[in-house]
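Letter by letter, the chains look like this.
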Amino acid sequence: MKRATRESYGATLVELGNENKDIVVLEADLSKATKTEMFAKTHKDRFINVGIAEQNMVGMAAGLASVGKIPFATTFAVFAAGRAFEIIRNSVCYPNANVKIAATHAGITVGPDGGSHQAIEDIALMSSLPNMIVLSPADDIEACKCVRAAAEIKSPVYIRLGRIPLEDIYDDSYDFKIGKGSELVEGQDVTIIATGIMVHKALEASKKLKDQGIDARVINIATIKPIDEEIVVKAAKETKAIVTVEEHSIIGGLGDRVASVVCDKYPTIVKKIGVKDVFGESGNPDDLLEKHGLTTDNIVETVKSVLNK
């Protein structure tokens, strides 16, 4: 089934609301796009549309957390991580408040909304904050489990969600745990580590590389912070190089997190694929992915180039 992770989020909120009276959802006037309208219809007494006031929304969420509620503050990633950053820093992370920031429409696949709305620095911003957990699910199943895990853990959590529908990678038996990566394909020549929508491209690239005699391991990192150091170091030890892939800037994202682990624990070659220190622009999502090298073919060519060196 194809479903965007923002839709997974909306559906899971309804389930959580049915199960736990302390779940509260706050929205910054984008409930149709972020899919919190589902929660508004079923639990209107615990749904608050604050209007176009993202900083106030996060402050209100911190207040609700202080009296035992479990607030999910929801808006587009560019506003959640960007406009509300200082409030998240000082009102959520500094006191370690039990607030969940659910950020939809992340990355360049927002498409026609353009560079002003394409958050490609949100992982870097949220990962820089002490106490913050950063999640980036790859499909519907993982997104649903991420939202549930966020509700269960007493900590600030940032959940990165997308706009475009994705094929399922996992099934219901998948045991998601915060802080643990997932090895999807075994391989001994090279490791491709991906997050979010790019996990699908990594899997496709692995198949193409297999046809060319290259054995590529594929790892999904859904928890950017705290990153699974064990799975990264194992890959560094067992394969010749690591290629990271993300729909995010190569500055401060998954690639830098992996490189930091490798540099500290077991040095090896790390090549980052992502947005190269530029803003996005308006366009078709597939065309934008092509322009920024976030394609199966570019992953394949990058892997071959790294191995040749």
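This text gives an overview of the structure that appears in the document. Each chain has its residues counted from 1, following the order in which its sequence is written. Owing to the predicted nature of the model, reporting of local features is limited to residues with pLDDT of at least 70; listing and counting of side-chain atom pairs is limited to 80 or more, with chain, interface and lining totals taken over all residues. In computing side-chain properties, one takes all heavy atoms of the structure into account and sets aside hydrogens as well as water.

Considerations on the overall build of the chain
Inclusion rule: Each helix is a run of DSSP H or I of at least 4 residues and each strand a run of E of at least 2, with the numbering of both proceeding from the N terminus. Here the radius of gyration uses the C-alpha set of atoms, whereas the globule reference equals 2.2 Å times the residue count to the power 0.38. When a residue's accessible area, from a 1.4 Å probe over protein chains only, is under 20% of the maximum for its type it is buried; when over 50% it is exposed; and in between it is partly exposed. We call two residues in contact when some of their heavy atoms are within 4.5 Å.
When helices and strands are tallied, the chain shows 13 helices and 12 strands. Against the 2.2 N^0.38 benchmark of 19 Å for 309 residues, the chain shows a C-alpha radius of gyration of 19 Å, consistent with a compact globule. For the chain, the spread of C-alpha atoms along the principal axes amounts to about 60 × 40 × 35 Å. Looking at the chain residue by residue over its 309 residues, the buried ones come to 58%. A separation of at least 24 residues holds for 79% of the contacts in the chain among residues at least 6 apart in sequence.

Brief notes about the packing of helix α10 (residues 229–238) against helix α11 (residues 254–265)
Basically, it comes down to this: Comment: axis = line fitted to C-alpha atoms, over the contacting stretch for helices; angle = value between 0 and 180 degrees taken between N-to-C directions. Here the angle decides the label: under 35 degrees means roughly parallel, over 145 means roughly antiparallel, 65 to 115 means roughly perpendicular, and every other value means oblique. Here a crossing is called left-handed whenever its near helix is offset anticlockwise from the far helix by less than a right angle, and right-handed whenever the offset is clockwise. Amino acid classes used here: Ala, Val, Leu, Ile, Met, Phe, Trp, Tyr, Cys and Pro are nonpolar; Asp, Glu, Lys and Arg are charged; the rest, including Gly, are polar.
At a minimum axis separation of 10 Å, α10 and α11 run at an interaxial angle of 65°. Relative to α11, the element α10 lies roughly perpendicular. The handedness of the crossing between α10 and α11 comes out as right-handed. Contacts from Glu 229, Val 232, Val 233 and Ala 236 of α10 reach α11 at Val 258, Val 261, Val 262 and Lys 265. For the contact of α10 with α11, the class distribution of residues is six nonpolar, no polar and two charged.

Structural notes on unusual backbone geometry
Backbone torsion omega between Lys 225 and Pro 226 reads 0°, so that peptide bond is classified as cis. For Lys 35, which is not a glycine, the phi torsion comes out positive at approximately 75°. Relative to the assigned elements, Lys 35 resides in the loop between α2 (31–34) and α3 (37–42). You can call Lys 35 buried: its relative accessible area is 17%. Phi angles above zero are rare outside glycine, and Asn 96 is one such case at about 60°. Structurally, Asn 96 can be placed in the loop between α6 (85–93) and β4 (100–104).

A word on the side chain of Gln 118
Stated formally: Here a polar contact means two N or O atoms within 3.5 Å. Within protein one must be a hydrogen donor candidate and the other an acceptor candidate, and residues neighboring in sequence count only if both atoms are side-chain atoms.
In this fold, Gln 118 is placed in the loop between β4 and α7 (122–127). A polar contact is formed between the side chain of Gln 118 and the backbone oxygen of Glu 281, at a distance of 2.9 Å. For Gln 118, the contacting residues outside a window of four places in its chain are Gly 107, Ile 108, Val 110, Gly 111, Gly 280, Glu 281 and Leu 288.

Considerations on the nonpolar core
Rules: Residues belong to one nonpolar core when they are buried, are Ala, Val, Leu, Ile, Met, Phe, Trp, Tyr or Cys, and are joined through side-chain atoms within 4.5 Å.
With 49 residues, the main nonpolar core has Ile 88 and Tyr 158 as its most contacted residues. By residue number, the principal contributor to this core is helix α4 (residues 54–66), which donates six residues. Once residues within four sequence positions are removed from consideration, Ile 88 is found in contact with Val 58, Ala 80, Cys 93, Ile 101, Met 126, Leu 129 and Met 132. If you look at the next biggest cluster of nonpolar residues, it comprises 29 residues, including Val 245, Ile 273, Leu 289 and Leu 294.

Some points on a negative patch on the surface
Selection criterion: Patch membership needs two things, relative accessible area over 30% and no salt bridge, and members are linked within 9 Å if like-charged or within 5 Å if nonpolar (Val, Leu, Ile, Met, Phe, Trp, Tyr). Residue exposure ignores everything except the shown protein chains as possible cover, and the areas themselves are Shrake-Rupley values with a 1.4 Å probe. Should a side-chain nitrogen of Lys or Arg be within 4 Å of a carboxyl oxygen of Asp or Glu, the pair is scored as a salt bridge. Charged-residue counts in this description rest on Lys and Arg as positive and Asp and Glu as negative, His and the chain ends being excluded. A charged residue contributes its charge at one atom only: NZ of Lys, CZ of Arg, CG of Asp or CD of Glu.
Together, Glu 167, Asp 168, Asp 171 and Asp 172 make up a region of like negative charge exposed at the surface. Position of Asp 172 among the secondary structure elements: in the loop between β6 (157–160) and β7 (182–185).

Focus on the packing of aromatic side chains
What counts, and what does not: In this analysis, rings of Phe, Tyr and Trp, with Trp reduced to its six-membered ring, are considered paired at centre separations within 6.5 Å, and the interplanar angle assigns stacked below 30 degrees, edge-to-face beyond 60, and tilted for intermediate values.
Enumeration over the complete set of coordinates arrives at four aromatic pairs. Centroid distance Tyr 9 to Phe 72: 6.3 Å. Interplanar angle 50°. Geometry classified as tilted. Of the two residues, Tyr 9 sits in helix α1 (residues 5–19) while Phe 72 sits in strand β3 (residues 70–76), which places them 63 residues apart along the sequence. Side by side, Tyr 9 and Phe 72 carry an identical accessibility label, which is buried. Here a set of aromatic residues connected by ring pairs shows up, and it is made of Tyr 170, Tyr 174 and Phe 176.

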